[in-house]
Amino acid sequence: MDKERALKRVKLALPAQAEYVELARLALYGIASRIGFSYEEIEDMKVAISEACNNAVLYAYDSPGGMVEILFEVNDDEIGITIQDEGSSFDAERKTSSLAGWHEKSLDEVQAGGLGFYLMQALMDEVEVMSVEGRGTVVKMKKRLQTSGELI
Amino acid sequence: MSGNKFSVTTQQDNDKVVVQLQGDLDLAAAKEFRAFMGPIVDDAAIDLALDLEQLTYIDSTGIGILISILKMRHEQQASFTIVNVPPHVQKLFDMTGISKFLTPNA
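The structure presented is a predicted model; accordingly, all values stated were derived computationally and were not measured.

How each quantity is defined
Each chain has its residues counted from 1, following the order in which its sequence is written. Going through the entries in the order they are written, you letter the chains from A and number the ligands from 1. Residues qualify for local features only when their pLDDT is at least 70, as the model is predicted, and side-chain atom pairs are given and counted only at 80 or more; totals for whole chains, interfaces and linings, by contrast, use all residues. Helix and strand assignments follow DSSP, with helices taken as H or I runs no shorter than four residues and strands as E runs no shorter than two, numbered in order from the N terminus. Expected helix span is given by 1.5 Å per residue-to-residue step, counting one fewer step than there are residues. Exposure classes come from backbone-placed C-beta atoms, where a residue is buried if 20 or more other C-beta atoms lie within 10 Å of its own, exposed if 12 or fewer do, and partly exposed in between. It is the C-beta atoms, placed from the backbone, that decide contacts: two residues are in contact if theirs lie within 7 Å. Nonpolar residues are Ala, Val, Leu, Ile, Met, Phe, Trp, Tyr, Cys and Pro. Charged residues are Asp, Glu, Lys and Arg, and all others, Gly as well, are polar. Each pair of strands is called paired provided DSSP finds at least two bridges between the two strands. Note on geometry: axes are lines fitted to C-alpha atoms, helical ones only across the stretch in contact, with angles between N-to-C directions running from 0 to 180 degrees. If an angle is under 35 degrees, it is roughly parallel; if it is over 145, roughly antiparallel; if it lies from 65 to 115, roughly perpendicular; otherwise it is oblique. By the definition used in this description, the sense in which the near helix is turned from the far one sets the handedness, with an anticlockwise turn below a right angle giving left-handed and a clockwise turn giving right-handed. As a per-residue measure, pLDDT reflects the predictor's confidence and takes values from 0 up to 100.

Trainee: When you look at helix 1 (residues 21-34) of chain A in this model, what are you seeing that I'm missing?
Mentor: Since there are 3.6 residues in each turn of an α-helix, residues three or four apart along the chain are aligned in direction. Here helix 1 of chain A is 14 residues long and its end C-alpha atoms lie 21 Å apart, about the 20 Å a rise of 1.5 Å per residue gives. Here helix 1 of chain A has its buried residues at Val21, Glu22, Ala24, Arg25, Leu28, Ile31 and Ala32 of chain A. Contacts from the buried residues of helix 1 of chain A go to strand 1 (8-15), helix 2 (39-60), strand 2 (67-74) and strand 3 (78-85) of chain A together with strand 2 (16-25) and helix 1 (27-42) of chain B. Residue Gly36 of chain A follows helix 1 of chain A closely and has a positive phi angle near 95°.

Dropping the structure here:
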């Protein structure tokens, strides 16, 4: 099935608004289920892609009209997801600097901010965040199929 | 546009209030859910439980709301429990380290 191995790309451009984040999840579900990811893996990826989109919706743009672009790069055995905005105000360095979760914290110390990035890292195999002042944020993530069975 | 639109139903039996969550508790649903819960959370006399059996999706937005409810109930020394947590939701609670606050008996 070598002819099937070529990388396939699916692009999606959404308004950077909360009610459109669900479309990213629906597209992900359609794509990931085709290449054989399990229900649980897809649930994990749905959270990860939503967290990246949520950040773009909440922090990227100071005024309405901004977009979030999502690129799915699909292989036989892995899926790459790139979430990109062209906003100005997201500080990825600071947001990702303390990726620890709340395992060692008391209730008084727990703050909801920053949890999104922690979840992305925990749920995907690879996550990379690049933020350029004034030019937006790019989040690249990857998940590999866990079942390495023979493809028919 | 929604596949799993978020909604809540409430069951009240004297002081006992059970809020059942249905659908996707995401960023789009957060404001409505927070507003709905406000007066219930403020009433320390209520024995409050959230039932997550029909919750199809949650992310850091929803988890943040649960944490803020937990904190407010804790400050008022008011009761708050979370019941019927689906496996994929419990996994996120465990992963983030908040199980010990939200579902200590799960």
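That covers the picture; the talk isn't over yet.
Trainee: How should the interface of chain A and chain B be read in this particular structure?
Mentor: In many reports, interface size means the accessible area that the parts give up when they come together. At the junction of the two partners, chain A supplies 25 residues and chain B supplies 23 residues. Where the side of chain A that touches chain B is concerned, the elements lending two or more residues are helix 1, helix 2 and helix 4 (115-123) of chain A. With eight residues, the single largest contributor to the side of chain A that touches chain B is helix 2 of chain A. Residue classes in the side of chain A that touches chain B are distributed as 14 nonpolar, five polar and six charged.

Trainee: I would appreciate a short explanation of the pairing of strand 2 of chain A in the present structure.
Mentor: Two faces make up the sheet, and in a regular strand the side chains alternate between them. Residue and element names in this part refer to chain A. Alignment of strand 1 against strand 2, held across eight bridges, turns out to be antiparallel. Along strand 2, the bridge assignment pairs Leu12 with Ile70. As paired strands, strand 2 and strand 3 are joined by seven bridges and run antiparallel to one another. Note that in strand 3 the partner of Glu69 across the bridge is Gln84. Connecting the antiparallel pair strand 2 and strand 3 is a turn made up of three residues.

Trainee: Explain unusual backbone geometry to me, please; I cannot follow it from the model alone.
Mentor: Most peptide bonds adopt trans geometry, and most residues besides glycine take a negative phi value. Residue and element names in this part refer to chain B. Even without glycine at this site, Asn14 takes up a positive phi of about 55°. For Gln77, which is not a glycine, the phi torsion comes out positive at approximately 55°. In this structure, Gln77 sits in the loop between helix 2 (60-75) and strand 4 (80-83). The exposure class assigned to Gln77 is exposed, which follows from the 7 C-beta atoms found within 10 Å.

Trainee: So what exactly am I meant to see when it comes to the environment of Thr61 of chain B here?
Mentor: Assignment of secondary structure puts Thr61 of chain B in helix 2. Thr61 of chain B gets classed as buried once you count the C-beta atoms within 10 Å, which come to 25. In the structure, Thr61 of chain B is positioned 20 residues away from Thr81 of chain B in sequence and 19 Å away in space, judged by C-alpha atoms. Residues in contact with Thr61 of chain B, not counting those within four places in the same chain, are Asn54 of chain A together with Asp26, Leu27 and Ala30 of chain B.

Trainee: So what exactly am I meant to see when it comes to the sheet that holds strand 1 (residues 7-13) of chain B here?
Mentor: Hydrogen bonds along the backbone pair up the strands of a sheet, which may run parallel or antiparallel. Residue and element names in this part refer to chain B. Pairing is mixed in the open sheet, where four strands are placed in the order 1-2-3-4. Lying at the two open borders of the sheet, with one neighbouring strand each, are strand 1 and strand 4. Across the sheet, the mean angle from the axis of one strand to that of its neighbour is 20°, orientation sign disregarded. Pairing between strand 1 and strand 2: seven bridges, direction antiparallel. When the bridges of strand 2 are listed, Ser7 appears paired with Gln22.

Trainee: What should I look at first to understand the packing of helix 1 of chain B against helix 2 of chain B in this one?
Mentor: Residues and elements named next belong to chain B. At a minimum axis distance of 10 Å, the contact between helix 1 and helix 2 shows a crossing angle of 15°. Of the possible angle classes, the one that applies to helix 1 and helix 2 is roughly parallel. Here helix 1 and helix 2 pass one another in a crossing that is right-handed. Residues Leu27, Ala30, Phe33, Arg34, Met37 and Val41 of helix 1 form the contact with helix 2, whose own contacting residues are Thr61, Gly62, Ile65, Ile69, Met72 and Arg73. A breakdown of the residues in the contact of helix 1 with helix 2 according to their chemical character gives eight nonpolar, two polar and two charged.

Trainee: Before we go on, may I ask you to explain the confidence of the model for chain B in this structure?
Mentor: Keep in mind that low pLDDT regions are not for reading the predicted coordinates in detail. Of the residues in chain B, 95% have a pLDDT of 70 or more, and the chain-wide mean is 93. Predicted complex metrics record ipTM = 0.91 and pTM = 0.88.

Trainee: Got a minute to help me understand the sheet that holds strand 3 of chain A in this structure?
Mentor: Residue and element names in this part refer to chain A. The antiparallel open sheet is built from five strands, whose spatial order is 1-2-3-5-4. Where the open sheet ends on each side, the last strands, each with one partner, are strand 1 and strand 4 (126-132). The mean inter-strand angle of the sheet, taken between neighbouring strand axes irrespective of direction, is 15°.

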